[in-house]
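Overview (structure and organization)
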Amino acid sequence: MLTFTLYFFIAIIVIQLFYYLVVFAKFSFAKTQENTPKNIPISVIVCAKNEEENVIKYIPLLLEQNYPDFEIVLIDDASSDDTLEVFEEYEKQHSNIRLVKVKNNEAFWGNKKYALTLGIKAAKKDYLLFTDADCYPTSKDWITSMSAQFTKEETIVLGYGAYEKVANSFLNKIIRFETLLTALQYFSWAKMGKPYMGVGRNLAYKKDEFFKVNGFIDHIQIRSGDDDLFINQAANSDNIAISYSPESFTASTPKTTYKDWFIQKRRHVATAEFYKTFDKMQLGLFFSTQLLFILLPIALLLFQFQWILVLSLIGFRYLVTWIVIGFAAGKLKEKDVMYWYPIIEIILIFTQINVFVTNIFSKPAHWK
């Protein structure tokens, strides 16, 4: 039995190494990205619901973008605070701001996809760049950097949506490491020609791509997934590109309590069950091998079975993953989280289990 467990453990490590050395290495060891400005007309789309404080802080940063031809489409999704009033003031003051007012609709109540659809239809430019109301670009060349990746064939661009660093917060390191690992996965699979998701905090596509798949209609009943479910359906090996130069990043304020972050994680994970079969399988296999990598050696070491070999395998796996994730962390300016990597990985694995189990018994809330 222990011999079988050892062989099974070796197989798990081989699968893990395939992910890191074959798939994830595609992004981790990619060359530095160059941004040749395209200066194509861009509509920046921001959908907000009860985001008064955030839009006051962040819309001015969008207006400061160093780009020759862009408009900002502000969508107020039936806010009950003063978000709409703030948007109206911006519209009066800036000619390149377009305001879309969404009223409560019984059929689509509280559905962000409905609000986004109205905003996309109102946009006057052919290329769309999305961010959230609680996000901001980290440079004045955000539009330039994201739009630079568009080509005639590549009409969907995945960007990186970071979270702000919070000093002396271990939870912040967990959140940022999880965000780094997620980006490593979706960037790498996109480079492999198998794109499966993107994040609405930083995402761009040509308007034609939206209408080719009839917008969000195939998953309109699922309130989350305006970003990842859309990419899962619309993106393919021919039309996908990624943007990872530091000028292309956005940043958001992270959750400050484990409870709030856990709720956010539940929403994100809940949409994954609607991915294509291959994407669900590869994500499931990756997580399963992560979990088994933690559990199997415990049994082997408890019985001191081939313990030198087991410890050597553990050390080799950590060396490889530390290098691969470390290079990705360097590209995405998240190097500091790597000091805590093994501990954070274990925490994330068991948090993921908790999320899966909790989601079985209750459905997470979506949007606002």
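The shown structure was predicted, so the numbers you read here are calculated from the model rather than taken from an experiment. (Residues numbered from 1 in each chain as written. Predicted model: local features only at pLDDT ≥ 70, side-chain atom pairs only at ≥ 80, totals over all residues. Heavy atoms only, no water.)

Our next topic: the environment of glycine 119. Relative to the assigned elements, glycine 119 resides in helix α4 (residues 112-122). Judged by its relative accessible area of 0%, glycine 119 falls in the buried class. Aside from chain neighbours lying at most four places away, what touches glycine 119 is Ile45, Val73, Ile75 and Val100. (Helix = DSSP H or I, 4+ residues; strand = E, 2+ residues; numbered from the N terminus. Buried < 20%, exposed > 50% of the residue type's maximum accessible area, 1.4 Å probe, protein only. Contact = heavy atoms within 4.5 Å.)

Glancing now at the sheet that holds strand β4 (residues 127-132). Across the sheet, seven strands lie side by side as β3-β2-β1-β4-β8-β6-β9; this open sheet has mixed pairing. With one partner strand each, in any of the chains shown, β3 (97-102) and β9 (240-242) form the two edges of the open sheet. Here the strands of the sheet are splayed against their neighbours by 20° on average, with no regard to which way each runs. Relative to strand β2 (residues 70-77), strand β1 (residues 42-48) runs parallel, the two sharing seven bridges. Directly across from serine 43, in β2, lies its bridge partner glutamate 71. In the packing of helix α2 (residues 52-63) onto the sheet, contacts are made with β1, β2 and β3, and the angle to β2 comes to roughly 160°. (Pairing = 2+ DSSP bridges. Axes fitted to C-alpha atoms, helices over the stretch in contact; angles between N-to-C directions.)

Now for the sheet that holds strand β10 (residues 250-252). Within a sheet, adjacent strands bond to each other through the backbone by hydrogen bonds, running parallel or antiparallel. Pairing in this open sheet of three strands is mixed, and the strands run β5-β10-β7 from one edge to the other. The open sheet has two free edges, formed respectively by β5 (135-137) and β7 (161-163), since each of these has just one partner strand. Direction aside, neighbouring strands of the sheet carry axes that sit 35° apart on average.

Among the surface-exposed residues, Leu295, Ile298, Leu302, Phe303, Ile346 and Phe350 lie close enough to one another that they form a single nonpolar patch of about 610 Å² accessible area. Put simply, the parts of the chain that give the nonpolar patch at least two residues each are α10 (277-302) and α12 (341-361). As for its position among the elements, leucine 302 is in helix α10. For leucine 302, a relative accessible area of 66% translates into the label exposed. (Patch = residues over 30% accessible without salt bridge, like charges linked within 9 Å, V, L, I, M, F, W, Y side chains within 5 Å. Areas by Shrake-Rupley, 256 points an atom, 1.4 Å probe, with all protein chains shown as cover. Salt bridge = Lys/Arg side-chain N within 4 Å of Asp/Glu carboxyl O.)

As a further point, take the packing of aromatic side chains. As enumerated under the stated definition, the model contains 32 aromatic pairs in all. Plain terms: the ring middles of tyrosine 318 and tyrosine 341 are 5.9 Å apart, the flat faces sit at 80° to each other, and that makes the pair edge-to-face. One end of the pair, tyrosine 318, is in helix α11 (residues 307-331); the other, tyrosine 341, is in helix α12, with 23 residues separating them in the sequence. Just as tyrosine 318 is buried, tyrosine 341 falls in that class too. One cation-aromatic arrangement involves lysine 194 over phenylalanine 278; the distance from NZ or CZ to the ring centre is 4.6 Å. Its end group placed over the ring of tyrosine 318, arginine 317 keeps NZ or CZ at 5.2 Å from the ring centre. (Phe/Tyr/Trp six-rings, centres within 6.5 Å; stacked < 30°, edge-to-face > 60°. Lys NZ or Arg CZ within 6 Å of the ring centre and 35° of its normal.)

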